[in-house]
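# Observations on chain architecture
Listed below, chain by chain, are the residues.
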Amino acid sequence: ALAIGVEFSASKLRRIGRATVVINLVQVAVTLVLVTGVLVLLGMEFPFALLLGAVATATAPAASVAVAQAMRARGKFIDYIHSVIALGDAGTLLIFGLILSFIGKLLGATTDGSADLLFALREVAISLLLGLVGGFVLHKLTRKKKGQNEILILTLGVIFLCTATAIIFHLSPLLSNMTMGCVLINLSARNHRLFRILEPLTPPLYALFFVIAGTELNLEVFIRRDLALMGGAYILVRGVGKYYGAWLGCAVGKIPNPIRANLGWCMLPQAGVALGLVLLIQTSPVMQRLSESQVAVINDMVNIVLMSVFVNELIGPPLLKMAILKGNQPDPEDEEEAEEEEAFV
């Protein structure tokens, strides 16, 4: 999340900010509608299908960061990937919060929808404020430091404090750390060095995350015919929605063809955000007032998303690599920016 926040630098947003918003609006809307519609046609209750449709809009930032770093790729296409994913996940959290706040009434559970909506909006606002404070504090602490080990300790310390605070107060660690990365990179281009120092730590963290995610997968999802059908449809339709939604968004935003043809392939990975949202459904107070049959549907939803994570994290990175090779065309502005960054570092 911290690394994704770097993509919101003012210079990049001036070039691709409007296009990023357009792409996100289109691909999120297309994915939400397609996934919800197909699941309803397959027999899932509309409220549950709508929730899964909202979860389907999430894209894992970790995979794109890991592949781009491994390939040492930079350029306008990489900027679009990271910016679209980062803004898309922020939008996913907002959409999910809105849907969850009203879903109780659709399911027949008594809940105050307006209160839940205000709570969701307050959570997002405070998460952004926490990241803003964290970024400013980390910038002040490391501004005059030169030793890499000292900078590493301070950076990890602030990340842990920001994340722990978010967890304790039931905020979003994802939004908080994304905001912190955004603040750091806009306060000073010199802060690029913080992210370079953190780079060697990321591969084992990514690997550990996927190991832990794998322990949650119930193999029953591959045995039960109805669940396998729902899971397969979710994965397939989500992929179609993500690819063609991104393609259509690029067409509306008048994005050049190499980016338009390949950006959708980078939207497939799904992991932390989706897992967090579907587990949040399980623990939501609204869901505690449902019948046993409805609770069983929620458990099936968890396994459908885990199945999607399992499949998309296998096929996602190779497709990301292919898309980067085909879509990342050199840009003189990016080369100039890279030279400035190297000079600061």
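Computed from a prediction, not measured in an experiment: that's the story for all the values here. (Residues numbered from 1 in each chain as written. Predicted model: local features only at pLDDT ≥ 70, side-chain atom pairs only at ≥ 80, totals over all residues. Heavy atoms only, no water.)

### Describing the nonpolar core
Formally: Note on terminology: a nonpolar core comprises buried Ala, Val, Leu, Ile, Met, Phe, Trp, Tyr and Cys residues joined through side-chain atoms within 4.5 Å. Type-normalised accessible area, obtained with a 1.4 Å probe on protein chains alone, sets the label of each residue: buried when under 20%, exposed when over 50%, and partly exposed for intermediate values. Every residue pair with non-hydrogen atoms within 4.5 Å of one another is taken to be in contact.
In this structure, Met-44, Tyr-234 and Met-301 are the most contacted members of the largest nonpolar core, which totals 46 residues. In contact with Tyr-234, not counting residues within four places along its chain, are Val-35, Leu-39, Leu-52, Val-55, Ala-56, Gln-270, Ile-304, Val-305 and Ser-308. Listed in part, the 22 residues of the second largest apolar core include Val-67, Ile-78, Ile-255 and Leu-320.

### Considerations on the pattern of salt bridges
Operational definition: The working definition used for a salt bridge is a side-chain nitrogen of Lys or Arg within 4 Å of a carboxyl oxygen of Asp or Glu.
Inspection of every chain in the model, using the stated rule, returns 1 salt bridge. Glu-150 is the partner of Lys-145 in a salt bridge, and the nearest nitrogen-oxygen pair spans 3.2 Å. Overall, Glu-150 belongs to the partly exposed group, its relative accessible area being 38%.

### Topic: a nonpolar patch on the surface
Cut-off, in case you're wondering: Here the term patch refers to residues with relative accessible area over 30% and no salt bridge, with like charges joined within 9 Å and nonpolar side chains (Val, Leu, Ile, Met, Phe, Trp, Tyr) within 5 Å. Using a 1.4 Å probe, the Shrake-Rupley method yields the accessible areas, and only the shown protein chains count as cover for residues. Numbering goes from the N terminus for both helices and strands, where a helix is a DSSP run of H or I of at least four residues and a strand is a run of E of at least two.
Together, Leu-34, Leu-236, Val-240, Tyr-244, Trp-247, Leu-248 and Val-252 make up an exposed nonpolar region whose accessible area comes to about 640 Å². Mapped onto the secondary structure, Tyr-244 falls in helix α11 (residues 225-252). What makes Tyr-244 exposed here is its relative accessible area of 52%.

### A look at the environment of Lys-146
With respect to the secondary-structure elements, Lys-146 resides in the loop between α6 (113-142) and α7 (148-168). Assessed through its relative accessible area of 74%, Lys-146 is described here as exposed. In this structure, Lys-146 is in contact with Ile-151 and Arg-193, ignoring residues within four places of it in sequence.

### Some details on helix α8 (residues 173-187)
To be explicit about the condition: Take the residue count of a helix, subtract one, and multiply by 1.5 Å to get its expected span.
Between its first and last C-alpha atoms α8 spans 21 Å; for 15 residues at 1.5 Å apiece the expected length is 21 Å, and the two agree. For α8, the full list of buried residues reads Leu-174, Leu-175, Ser-176, Asn-177, Met-178, Thr-179, Met-180, Gly-181, Val-183, Leu-184 and Ile-185.

### Points about the packing of α7 against α8
Think of two packed helices as two axes; the pair is described by the angle between the axes and how far apart they sit. The condition that has to hold: Lines fitted to the C-alpha atoms define the axes, with helices restricted to the stretch that makes contact. Angles between their N-to-C directions range from 0 to 180 degrees. Crossing chirality is assigned from the near helix's rotation relative to the far helix, an anticlockwise turn below a right angle marking it left-handed and a clockwise turn marking it right-handed. Under the grouping applied here, Gly and all other residues not named as nonpolar or charged are polar, the nonpolar ones being Ala, Val, Leu, Ile, Met, Phe, Trp, Tyr, Cys and Pro and the charged ones Asp, Glu, Lys and Arg.
Running from N to C, α7 and α8 cross one another at 145°; their axes reach a closest spacing of 9 Å. In the crossing of α7 with α8, the sense of the turn from one axis to the other is right-handed. Only Pro-173, Ser-176, Asn-177 and Met-180 of α8 make contact with α7, whose side of the interface consists of Val-158, Ile-159, Cys-162, Thr-163, Ala-166 and Ile-167. Counted by class, the contact of α7 with α8 contains 7 nonpolar, 3 polar and no charged residues.

### Notes on the environment of Lys-145
Stated precisely, the cut-off is as follows: Any N or O atom pair separated by 3.5 Å or less is treated as a polar contact, with the protein-specific requirement of one donor-capable and one acceptor-capable atom, and with residues adjacent in sequence counted only for side-chain atom pairs.
Examined against the element boundaries, Lys-145 turns out to sit in the loop between α6 and α7. According to the relative accessible area criterion, Lys-145 is partly exposed, its value standing at 28%. Apart from residues lying up to four places away in sequence, Lys-145 is in contact with Glu-150, Ile-151, Leu-154, Arg-190 and Arg-193. Side-chain polar atoms of Lys-145 contact the side chain of Glu-150, separated by 3.2 Å.

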